[in-house]
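# Topology and contacts: notes
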Amino acid sequence: MANAMLLPVLLSFLILPFSAMALTQDFCVADLSCSDTPAGYPCKASVTAGDFYYHGLATAGNTTNLIKAAVTPAFVGQFPGVNGLGISAARLDIAVGGVVPLHTHPAASELLFVTEGTILAGFISSGANTPYTKTLYAGDIMVFPQGLLHYQYNGGSGPAVALVAFGGPNPGLQITDFALFANNLPSPVVEKVTFLDDATVKKLKSVLGGSG
Ligand SMILES: *[C@@H]1O[C@H](CO)[C@@H](O)[C@H](O)[C@H]1NC(C)=O
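Residues numbered from 1 in each chain as written. Predicted model: local features only at pLDDT ≥ 70, side-chain atom pairs only at ≥ 80, totals over all residues. Heavy atoms only, no water.

## Digging into the nonpolar core
Counting residues in each nonpolar core, the largest one holds 21 residues, and the members touching the most others are Leu92, Ile94, Leu112 and Ile119. Looking at this core, the elements with two or more residues in it are strand 2 (88-94), strand 4 (110-116), strand 5 (118-124), strand 7 (141-144) and strand 9 (160-166). In terms of residue count, strand 9 provides more of this core than any other element does, 4 residues in total. Setting aside its immediate chain neighbours within four residues, Leu92 contacts Ala70, Val71, Val100, Leu112, Gln152, Ala160, Val161, Ala162 and Val164. In terms of nonpolar packing, the next biggest core, distinct from the first, is built from 7 residues, Ala30, Leu57, Ala74 and Phe79 among them. (Core = buried A, V, L, I, M, F, W, Y, C linked by side-chain atoms within 4.5 Å. Buried < 20%, exposed > 50% of the residue type's maximum accessible area, 1.4 Å probe, protein only. Helix = DSSP H or I, 4+ residues; strand = E, 2+ residues; numbered from the N terminus. Contact = heavy atoms within 4.5 Å.)

Written as structure tokens, this is what we have:
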């Protein structure tokens, strides 16, 4: 009886110092040589100021591509210091006529801060499918709630630039058109699940690099 009561008390004394240590740890810089886990990367042993610094967003992304836009990420994979901090960043460059097509970040809300040009942006709510859209100019911010479909495109006559903050170290990116037309999901299936006709599906597959 006495032993049975003593055991949980002893166990909690053994565990408490370790959980207190975990709570008071200042940071956990990602050890990118290990695999990512749902709780983030394991912590790197030797940390320097460079782990909390990233210069990669100073350079404009290459917008010579199909969408005339470039997202330059500063996620945990590029910027290991954000591991475990619930935050990350990116730079968005959109050339004249460019667009970030309808997409979602499954793992983070997004805050867009326009630094140059004009961006037309919007997201669509999940229940009522209500669009929320705005024209953004330099200095404007807009927030896109986690997981909701959204887009940005250049609505001006010069290049547009924005800095983006994410409420997660690895927000993820899924572009709807790429998910539908840039893989080998058979055309009859795509037609069935989108209500689009065969010619449209084949055209989009050919533009976006899909097959089948
Ligand atoms: C930008 O990308 C295009 C297409 O891939 C390429 O031809 C061009 O050299 C790139 N420009 C720069 C500055 O890297």
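After that view, the rundown keeps rolling.
## Observations concerning the confidence of the model for the protein
In this model, the protein carries a mean pLDDT of 92, and residues with pLDDT of at least 70 account for 89%. This stretch, residues 16-21, has a pLDDT under 50; its non-local contacts, to residues over four places away or in other chains, come to 0 contacts. (pLDDT = per-residue confidence, 0-100.)

## Description of the side chain of Asn83
With respect to the element layout, Asn83 can be found in the loop between strand 1 (69-74) and strand 2. Its relative accessible area of 4% is what places Asn83 among the buried residues. For Asn83, the side chain forms a polar contact with the main-chain oxygen of Cys28, separated by 2.8 Å. (Polar contact = N/O pair within 3.5 Å; in protein donor to acceptor, adjacent residues only side chain to side chain.)

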